[in-house]
Amino acid sequence: NNGYWNQLSYIDYQYKADCIQITGNSTQETGGHNALMVHGDSCATALVQGNTVIGPWGHNGLDIKETNGLTVNLNVSYCPSGVACVGEAYNYEFTQLSPNSVTFTRNLSYGNISGAGLVCDFGDSFVGPTCTSGHCTGTCHIYNNTFMNTNGAGFSTDNSSAGAGTESTIIDYRNNIGNIEALYAQYANGTNTTWTHWDYNDDCVTPPSGFDCWTTWENGASYTTLSAFHSATGLGTHDFFETDPAFINPTAGNYAPNTSGPLGGSQGDPSEPAGVPYIGAIAPAP
């Protein structure tokens, strides 16, 4: 564990194509740094799938770093009431391997998680064997996820530790449900982030008092309406905004939208690469 005390952990600081697969596990009350961590697998078929992590944890629920092709699919990151889950439900950070990529699809987060549902970014100012300062590029594909954690943003990206206009994070974000702030590109170096897609999402499902639904420092503005966000960025043409997904039974962890609700039916992006035509982590149930 290299001192991390993760519950499940795979680390390869040589960043080889190991093709790791971590599937079908459950962890609870880990109390360590991360509940599940994969650091450094450049294999295109690497997979983290069907795992459930339940807090507390001290850093992130699922922490992924330095991969190139790994898929994070059908996982649940949950924090019970009264338990401290510090950081993100899902975290991806690249600082030592470039170019790199990761795909998050059909994952769910909910509960008392202090940070974002998902963070994808360059992170700290480390350098590695194929990532030198000023020349690092990472791509995050994010499809059909539901981020209903109660405190932080639904999705966040932060290149604050990189010099302006240097490290590049590329975001493809479609068919997702996000709670509270829908988008958070932190600090002035949000200019390092490129959005190839942001569309067909249900944004800012239940914004609490005092939160803006959109916060981006890419141009120093915050947007509290979808039309203002779309007018300024050209993104979110087909998004829903502050729309109750009519989840079947969220108190029991069932975050599937009901077919009778506003997200029922195949309303997602028909060209989305994962081939799931719905919005959210789970197809609407009858």
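Draft legend 1. Structural context of the overall build of the protein. Looking only at helices and strands, the protein has one helix and 25 strands in total. Looking at the protein as a whole, 55% of its 286 residues qualify as buried. In the protein, 79% of the contacts between residues at least 6 apart in sequence involve partners at least 24 apart. Summed over its atoms, the accessible surface of the protein is roughly 10800 Å², and 50% of this surface lies on carbon and sulfur atoms.

Draft legend 2. Local environment of the pairing of strand β13 (residues 137-143). The element β13 is extensively covered by neighbouring structure, given that five of its seven residues are classed as buried. Across six bridges, the pairing between strand β10 (residues 100-105) and β13 is parallel. Within the sheet, the bridge partner assigned to Thr103 lies in β13 and is His141. Relative to strand β16 (residues 168-174), β13 runs parallel, the two sharing seven bridges. In the strand pairing of β16, His141 is matched with Asp172.

Draft legend 3. Representation of the state of the cysteines in the model. Within the structure shown, the criterion is met by two disulfides. Paired by a disulfide, Cys19 and Cys43 hold their sulfur atoms 2.0 Å apart. Disulfide Cys19-Cys43: the torsion about the S-S bond is 80 degrees, which places it as right-handed. Of this pair, Cys19 sits in the loop between β1 (8-11) and β2 (21-23) while Cys43 sits in the loop between β4 (34-41) and β5 (47-49), and the two are 24 residues apart along the sequence. The partly exposed category is assigned to Cys19, whose relative accessible area is 34%. Residue Cys43 is classed as buried on the basis of its relative accessible area of 7%.

Draft legend 4. Inspection of the pattern of salt bridges at higher detail. In total, this model carries three salt bridges according to the counting rule given. A salt bridge links Asp63 to Lys65; the nearest nitrogen and oxygen atoms lie 2.4 Å apart. The same class applies to Asp63 as to Lys65, namely buried. Notably, a salt bridge pairs Asp172 with Arg174, separated by 2.8 Å at the nearest N-O pair. Per residue, the accessibility class of Asp172 equals that of Arg174, and both read buried. It is possible to trace a salt-bridge network through shared partners that takes in Asp172, Arg174 and Asp269.

Draft legend 5. Up close: the side chain of Asn34. Mapped onto the fold, Asn34 is located in strand β4. Classification of Asn34 by relative accessible area gives buried; the value is 0%. Within polar-contact distance, the side chain of Asn34 engages the side chain of His59 at 3.2 Å.

Draft legend 6. Structural detail: the packing of aromatic side chains. The tally for this structure, following the rule as stated, stands at 12 aromatic pairs. Taken together, the ring pairs connect Phe155, Tyr173, Trp195, Trp198 and Phe229 into an aromatic cluster.

Draft legend 7. Looking closely at unusual backbone geometry. Following Gly55, the chain continues to Pro56 via a peptide bond in cis, the omega torsion being 20 degrees. By the secondary structure assignment, Pro56 is in the loop between β6 (52-54) and β7 (60-73). Note that the residue after Ser98, namely Pro99, is joined by a cis bond; omega there is -5 degrees. Its place among the elements puts Pro99 in the loop between β9 (88-93) and β10. Even without a glycine there, the phi angle at Leu74 is positive, about 60 degrees. Tracing the backbone through its elements, the reader meets Leu74 in the loop between β7 and β8 (76-79). The phi dihedral of Tyr200 falls on the positive side, at around 60 degrees, and the residue is not glycine. Counting through the fold element by element, Tyr200 comes out in the loop between β19 (193-199) and β20 (202-203).

Cut-offs and rules
Residues numbered from 1 in each chain as written. Predicted model: local features only at pLDDT ≥ 70, side-chain atom pairs only at ≥ 80, totals over all residues. Heavy atoms only, no water. Helix = DSSP H or I, 4+ residues; strand = E, 2+ residues; numbered from the N terminus. Buried < 20%, exposed > 50% of the residue type's maximum accessible area, 1.4 Å probe, protein only. Contact = heavy atoms within 4.5 Å. Areas by Shrake-Rupley, 256 points an atom, 1.4 Å probe, with all protein chains shown as cover. Pairing = 2+ DSSP bridges. Disulfide = S-S within 2.5 Å. Salt bridge = Lys/Arg side-chain N within 4 Å of Asp/Glu carboxyl O. Polar contact = N/O pair within 3.5 Å; in protein donor to acceptor, adjacent residues only side chain to side chain. Phe/Tyr/Trp six-rings, centres within 6.5 Å; stacked < 30°, edge-to-face > 60°.

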